[in-house]
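A structural walkthrough
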Amino acid sequence: MTPPRDAALDLTSVATGYLSDVAVLEDIDLHVEPGQAVGVIGRNGAGKSCLALTIAGQLRPQAGRVTFGGADIAPLSSRARAGLGIALVPEGRQVFGQLTVRENLVVAAYGVGQRLTPAAFDAVTEHFPVLRTKEADLAASLSGGEQQMLAIARALVQSPRIIVCDEPSLGLAPVAIDVLARVLGSIRDSGVGLLLMEQNRGLLEDVCSSVKLLDGGGIKLTVEPRDLSRPEVMAAYLGHAGSAHAL
Amino acid sequence: MSTRSLRITLCAALVATTLAACGGGTADGGGDQGSGGGTIKLGAFSPLSGPAVSSSSGVKATEAAIRKLNDAGGINGHKLEFIVKDDQYDPAKTPGVTRELVESDNVAMMCGPQGSVPFGAVKDYLAARKVPSIVNAGAPTLAGEYSYLVSSPFDGLGGLLADYAMDELGTKNIAIAYSEDILGTSALEGAKKALSEVGAQPAGEVKFDVSATDFSAQAIQLKGTNADFVIMPGAQANVAGQLINAAEKIGYQPKWGLSYASQNQTLLDLTGGALDGRAFFATPYISPESAVGQDYVATLNKYFPEVETSSGATIAGYTIGEVCLTVLQAAVDEAGGDVPSSEDIQKVMNNMSIDNDYIKGINWTTDGHEGARSAQILALVDGKFETDQDYSPLPE
Amino acid sequence: MDLLQASIVLGVVVGIVYALSGAGLVVIFRTSGYISFAQGDIAAVGLFVGLAAYKAGGGYGLTAVTVILVSTVLGGLVGGLITIPLERHGHLPAALSTIGVGLIIGGILNVTVGGDPRAFPEVSSAAAFDFAGVRLGWSDIVGMLASAAIFIGLGFFFRRSRIGIAMRAVNDNRFAGQILGVPDKRLKLVGWIVAGSLSGVLGLFVAPILSLSPVSVNTLLVFGFCAIVIGGFDSIFGALVAGVSIGVLSNLTSAYVDPNLVPTVLWAAMLLVLLIRPNGLFGRRRLVRV
Amino acid sequence: MTLQKDVETQESARRPRRRLSARAAASTGRGRVPARLLTLAVVAVAVLAFGFASAPSVRYAVILSVIYAIAILGNNAVLGLLGEMNLSGGVTMALGAYGFCWFSAQGMNPALAAVTAVLLTALVSAVIAIPTTRLRGIFTALATFALAYAIPTLAIYLKDITGGDEGTSAPYDFAPFGLELSGSTWDMLTTVVVIFVLLGALSLYLFNARPGTTALVVGEAELAGTTTGISHRTVKVVVWTWAGTLGGIAGVLYALAVGFIGPTGFSFMLGVWILVGGVIAGPRSVWGALLGGLFVGLLPVELQSVVPPAATGIIFGAILLIALLAGGRGLAEWIERAAPKMTELIRRRRAAS
């Protein structure tokens, strides 16, 4: 399956949840197009992962439309969506721990029906030189930051149009977050659309052009990244726990 | 009580009622009496399923003998009903099916229940219920007040094989292979006794495990004894075949002293013709190649064409059927032509000698219920089991 | 002849078959993370159909192909229709379902062909050469070569091929596999199909030795379990070494201690290895995710 | 499914006194102790009534069923709480049975011999559990399978104690308190049912009290690959020892009922049946163990009058597969879930009319 040329991801009035009869999120509207980075900020349990899994095809929307390049992708499986060019970097990295770094990338390429050519390997690891040096190490032996790099590299190997990143900064050291911001920025600049679910304000400010505030089962507000630092926004939508974590 | 508890209780009560209803049905169903309407009921258990299912051909042969008689009009007009239940060769299941045979089906006697261990589990029960049994098993320990054996004791067969090797084959260089069970160990004892009577010693005693997947260690040990003749009557065909093949593999080719337990096509197939002229089977039963054997083959082919006729276990089952019929004929006579009771049957069995075409040397008295003390040796010639040494008394 | 020397040589010969009985189990384990208890029954069906082909006049080649074909198809059917769908309830129900499948197949075989052990043809009954007082037949040689080839092939498959790597990945993290578009169910099915054909190959080497009955290949299963546990599921080479060690160990136990102690010694050896090296003698230590 | 189960478990671990929802109670087998005790009692009375009303041959099968149910009850602790596949249920039964016969043969009073045999089985189970519980998942199944596989030949090897291949007899005239404990007697039936109910009630109590909660948390944590503050090994050894003890009790009763024990009775299939009986009936239900026992002990005997004996394996395999396809939680849970719905339906219909 070839991805549509101007592959924009659109969610229109989507309701979704983990169970078929209980909605976690309702009335979600989103638009991400190639080369654009959209952020979603929300507290723990606000439904960020639920949204990510819905886009990746692990959860079925209860209402609304999910389209990619104008075509309805709601009935498609995760596998079909990966083939279309929608890649998910899931929460908690989810690398194949007992496989080597290279094997992780081989599997990712296999998932979209490709081989991991030396050129593709070089292209991806250009962003992450550390993965090149640890090519033959088991993924489980990598540090948290390195595993996050691997998870993103795995998505990149699939030459996607849109990457959905679910909390990539979780558990990372500040230095690693800086590297992450740089890499995500260059991915965006290479023409890939980015949907970044985050609690880390700095990362969102560095990478995204607009940020949706997720709370109470829906998108409360769409703001400019720099508006995130305004105290009233913080107080209104992130609450005490969120701000403590983010700041 | 909360409503939830009530619901669960209701549900449980439902289950209970259903169970009780089933129970009532079963109890009613098992009520009819066996000794009426000119039918003599006989029972047996056998592994009809499970891992030991291969030994169930014996009970089919028993049934063939019974059906043949039924088709010929029965005994003095009385038909025979033969009920076989499956115990999977599991001594925990045997008491259950035996109780069913005795208490629900009201069998007058057990005719050819199979297996030493399963019968051991019900021997006392059958005695308590005063149901006589003609057992299809080789362990002499199974003989008791209500249990009668047909097969020769394996110490006798072991001794017979040792004597045969010394007298007919002219060798005293004899090894014994055995498994740690009643057949194996009694054959070992019998063979050793026969050897010691002429002042000889076995060249070696090698133990094997019947459930093993590899017999090369035993083959090597046997080869180390350098014996000309190996006595192994307790082994079943697949076990004997594996051990013989393992010996062939290391270039050890003695003559083998076996018994009816391994006398069948499986052994020949497994060993692929290598045994021709080198295998001897001690058996109290007939050769399928003999004159009376042809009669037996025809009967079995008529009722159970799928059952292999040359197998020693099948011939044993058939012979036991014939013995049961001999006993029942006598019992009907004893009962004045009526359907005999268990007591009648036991009474005639306690004073019975059988020496006919099928089996020789059975002398049952009130105190002695052991099997035939006369056996022959069959030799494997061109894939056929032919009489090599005629019936002779077993060494004591 | 030297008892020790011959025990060891013959132990090696039979040990390679033990290792082979672990090969199919390894394939299912590495894709799905559990063990099939139905491998012996699947092989038995293939063998009985093959035997029918042989008796109908097909040569050994046709028989062997039939056996492998039938067990391959049956392996795929059992995995695809029963066991893999059950994985949604967890590994335990999936593994238990293989017991159920084994009972059903065993029952069907009992009803249709009966339990009598039968002889099964071997590839060749000719002797090849003598080695240390043991006459090795061509069937032994072919068995050893086939076993070695299968092990090397499997090792290569899981280390190098894309499908093999993806199969391991699915077992490692099924969710991540799905996200990346890896067809997990299809790969597991491939695992079952490969395992089915391996059980057929195993049957071809076991049935001539043990005779063929509905339970005969099953009796070897416990040796297969021991071989892969001792050798380590990760290590194909380990399973081979462990199989051979088990063959030698059981021969030595049988010759010097008591033949009735062989299974107990196997259990003890298995437990001991699991305690000292939980991932087998040659298995890689599983790293816990950070 | 798993996600939801975890949530339930964690919550109930935190607040064991909290009243569980009907669905949670059915799927965890916890909570609502009085109702469960009542169900257990009613089912036990039904089994007793059925046994009394039946012909002795059926009664014998019922007695064996209840004995299997005791072993299943123990094995269910390993299966239902820890989520481990234990195939050595037959091993502990063999230990109890052989121990009982041997101690009696040594001239020990049968009652004392029974207690000693059970204690010995508990001790041996604990010793075997120490290494076994270091294993996980499929490795536990394989190790216990290998042990179960070794038992018949080991019994032959130890023929001085076990009587070897020919087996050994249980003490015949064992009549504590004037109860005739053998074969298909009514006393035997009553005794095994009473013992089952006592053990079932004890299981239910333990399951709902702290020990059960702890074990459940350990089992679920293992499943999720997470850690808790509890010493997993200790808890697991205790659960395995409990299972072994019940197996030992079942073994002693088995020896009394059958009157004879031999190695072929303790093939690895016995362990498989005990496991399968638990799965079919529901590993987290106490009365389900009784149901499982009836499946294993009674069904094969009764089935023989309907299908050819050789085909009973097919029926069993099919029942097991259906139980697994239905979710692997067993018939007991299914009934527990269906019962409220059914009563609700009846009530509505009654209200409407």
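Please refer to the structure higher up on the page.
Residues numbered from 1 in each chain as written. Chains lettered and ligands numbered in written order. Predicted model: local features only at pLDDT ≥ 70, side-chain atom pairs only at ≥ 80, totals over all residues. Heavy atoms only, no water.

1. Some thoughts on the overall build of chain D
- A count of helical and extended segments in chain D gives 16 helices and two strands.
- A separation of at least 24 residues holds for 79% of the contacts in chain D among residues at least 6 apart in sequence. (Helix = DSSP H or I, 4+ residues; strand = E, 2+ residues; numbered from the N terminus. Contact = heavy atoms within 4.5 Å.)

2. What to know about helix α6 (residues 182–197) of chain B
- Along its 16 residues, α6(B) runs 22 Å from first to last C-alpha, staying within 8% of the 22 Å computed at 1.5 Å per residue.
- Looking at the packing, one finds that the buried side of α6(B) touches α4 (116–128), α5 (154–167), β6 (174–179), β7 (204–208) and β8 (229–231) of chain B together with α8 (159–162) of chain D. (Expected span 1.5 Å × (residues − 1).)

3. A few points about the packing of helix α11 (residues 262–276) of chain C against helix α7 (residues 137–157) of chain D
- The contact between α11(C) and α7(D) brings their axes to 7 Å, and the two run at 155 degrees. Here α11(C) is positioned roughly antiparallel relative to α7(D), judged by the angle of their axes. In terms of crossing hand, the pair formed by α11(C) and α7(D) is left-handed. When α11(C) is examined against α7(D), the residues Pro263(C), Thr264(C), Trp267(C), Met270(C), Leu271(C) and Leu274(C) are found in contact with a partner set consisting of Phe139(D), Leu142(D), Ala143(D), Ala146(D), Leu147(D), Tyr149(D), Ala150(D), Thr153(D) and Leu154(D).
- Of the residues contributing to the contact of α11(C) with α7(D), the split by class is 13 nonpolar, two polar and no charged. (Axes fitted to C-alpha atoms, helices over the stretch in contact; angles between N-to-C directions. Parallel < 35°, antiparallel > 145°, perpendicular 65-115°, else oblique. Left-handed = near helix turned anticlockwise from the far one by under 90°. Nonpolar A, V, L, I, M, F, W, Y, C, P; charged D, E, K, R; others polar.)

4. Describing the interface of chain C and chain B
- Each partner contributes to the interface: chain C provides 30 residues, whereas chain B provides 26 residues.
- Summed over both sides, the interface between chain C and chain B buries roughly 2400 Å², with carbon and sulfur atoms accounting for 57% of that surface.
- At the surface where chain C touches chain B, the tally comes to two salt bridges.
- When the shortest N-O distance is used, the salt bridge between Asp258(C) and Lys207(B) registers 2.6 Å.
- Inspection of the region where chain C meets chain B yields seven residue pairs in polar contact (both at pLDDT 80 or more).
- Breaking the side of chain C that touches chain B down by element, the ones donating at least two residues are α1 (3–32), β2 (134–137), α8 (184–210) and α10 (236–257) of chain C.
- Among the elements that take part in the side of chain C that touches chain B, α1(C) stands out by supplying six residues, more than any other.
- Tallied by class, the residues present in the side of chain C that touches chain B amount to 17 nonpolar, nine polar and four charged. (Buried area = accessible area lost by both parts, 1.4 Å probe. Salt bridge = Lys/Arg side-chain N within 4 Å of Asp/Glu carboxyl O. Polar contact = N/O pair within 3.5 Å; in protein donor to acceptor, adjacent residues only side chain to side chain.)

5. Concerning the sheet that holds strand β10 (residues 279–283) of chain B
All names here are of chain B.
- Taken in spatial order, the seven strands line up as β7-β6-β8-β9-β10-β13-β14 in an open sheet, and their pairing is mixed. Two strands in the sheet have a free side with no partner beyond their single neighbour: β7 and β14 (384–393). Here the strands of the sheet are splayed against their neighbours by 25 degrees on average, with no regard to which way each runs.
- Where β10 and strand β13 (residues 374–381) come together, four bridges link them in antiparallel fashion. Looking at β13, one finds that phenylalanine 281 is bridged to leucine 378.
- Sitting on the sheet, α6 is in contact with β6, β7 and β8, with an inclination near 160 degrees to β6. (Pairing = 2+ DSSP bridges.)

6. So, the packing of aromatic side chains
- Within the structure shown, the criterion is met by 23 aromatic pairs over all chains.
- Seen from their ring centres, Tyr148(B) and Trp364(B) are 5.2 Å apart, and the 65 degrees between their planes marks the pair as edge-to-face. Of this pair, Tyr148(B) sits in strand β5 (residues 147–149) while Trp364(B) sits in strand β12 (residues 362–364); the two residues are 216 residues apart in sequence, bridging distant segments of the chain. Here Tyr148(B) and Trp364(B) have matching classes, each one buried.
- In textbook terms, an aromatic cluster arises when at least three aromatic residues are bridged by ring pairs, as seen for Phe37(C), Phe225(C), Phe145(D), Tyr149(D) and Phe268(D).
- Looking at Arg99(B), its charged tip hangs above the ring of Tyr125(B), at a distance of 4.6 Å from the centre.
- Stacked on the ring of Tyr391(B), the Lys or Arg Lys360(B) has its end atom at 5.1 Å from the ring centre. (Phe/Tyr/Trp six-rings, centres within 6.5 Å; stacked < 30°, edge-to-face > 60°. Buried < 20%, exposed > 50% of the residue type's maximum accessible area, 1.4 Å probe, protein only. Lys NZ or Arg CZ within 6 Å of the ring centre and 35° of its normal.)

7. As for a nonpolar patch on the surface
Residue and element names in this part refer to chain C.
- Residues Leu4, Ile8, Tyr256 and Val257 make up a contiguous nonpolar surface patch of roughly 360 Å² in combined accessible area.
- For the nonpolar patch, the secondary structure elements donating two or more residues are α1 and α10.
- Topologically, leucine 4 is positioned in helix α1.
- Note on leucine 4: relative accessible area 38%, which makes it partly exposed. (Patch = residues over 30% accessible without salt bridge, like charges linked within 9 Å, V, L, I, M, F, W, Y side chains within 5 Å. Areas by Shrake-Rupley, 256 points an atom, 1.4 Å probe, with all protein chains shown as cover.)

8. Examining the arrangement of the chains
- Structurally, chain A and chain B remain out of contact, their C-alpha atoms never closer than 25 Å.
- Where chain A comes nearest to chain D, the C-alpha atoms are still 10 Å apart, and the two do not contact one another.

9. Notes on the pattern of salt bridges
- Scanning all chains against the criterion turns up 28 salt bridges over all chains.
- Glu103(A) is the partner of Arg159(C) in a salt bridge, and the nearest nitrogen-oxygen pair spans 3.5 Å. One end of the pair, Arg159(C), is in helix α5 (residues 138–160); the other, Glu103(A), is in helix α3 (residues 101–111), on a second chain.
- Judged by its relative accessible area of 30%, Arg159(C) falls in the partly exposed class.

10. Quick word on the packing of helix α3 (residues 60–86) of chain C against α8(C)
All names here are of chain C.
- Close contact between α3 and α8 brings their axes to 7 Å; oriented N to C, the two are set at 145 degrees. With respect to the hand of their crossing, α3 and α8 are arranged in right-handed fashion.
- In terms of residue class, the contact of α3 with α8 is made up of 11 nonpolar, 11 polar and two charged.

11. With respect to the environment of Ile228(C)
Residues and elements named next belong to chain C.
- Locating isoleucine 228 in the fold gives a position in helix α9 (residues 221–231).
- Sequence spacing of isoleucine 228 and leucine 281 is 53 residues, and the spatial spacing of their C-alpha atoms is 9.8 Å.
- If near-sequence neighbours (up to four positions away) are discounted, isoleucine 228 is found in contact with Gly22, Leu25, Val26, Ile35, Phe233 and Ala239.

12. Looking at the environment of Gly76(C)
All names here are of chain C.
- Following the sequence through the fold, glycine 76 ends up in helix α3.
- Overall, glycine 76 belongs to the buried group, its relative accessible area being 11%.
- It is 6.1 Å that separates the C-alpha atoms of glycine 76 and leucine 189, two residues lying 113 residues apart in sequence.
- Discounting chain neighbours no more than four positions away, the residues touching glycine 76 are Leu81, Leu189, Trp192 and Ile193.

So far we have only geometry, and geometry alone does not tell us how the molecule works.
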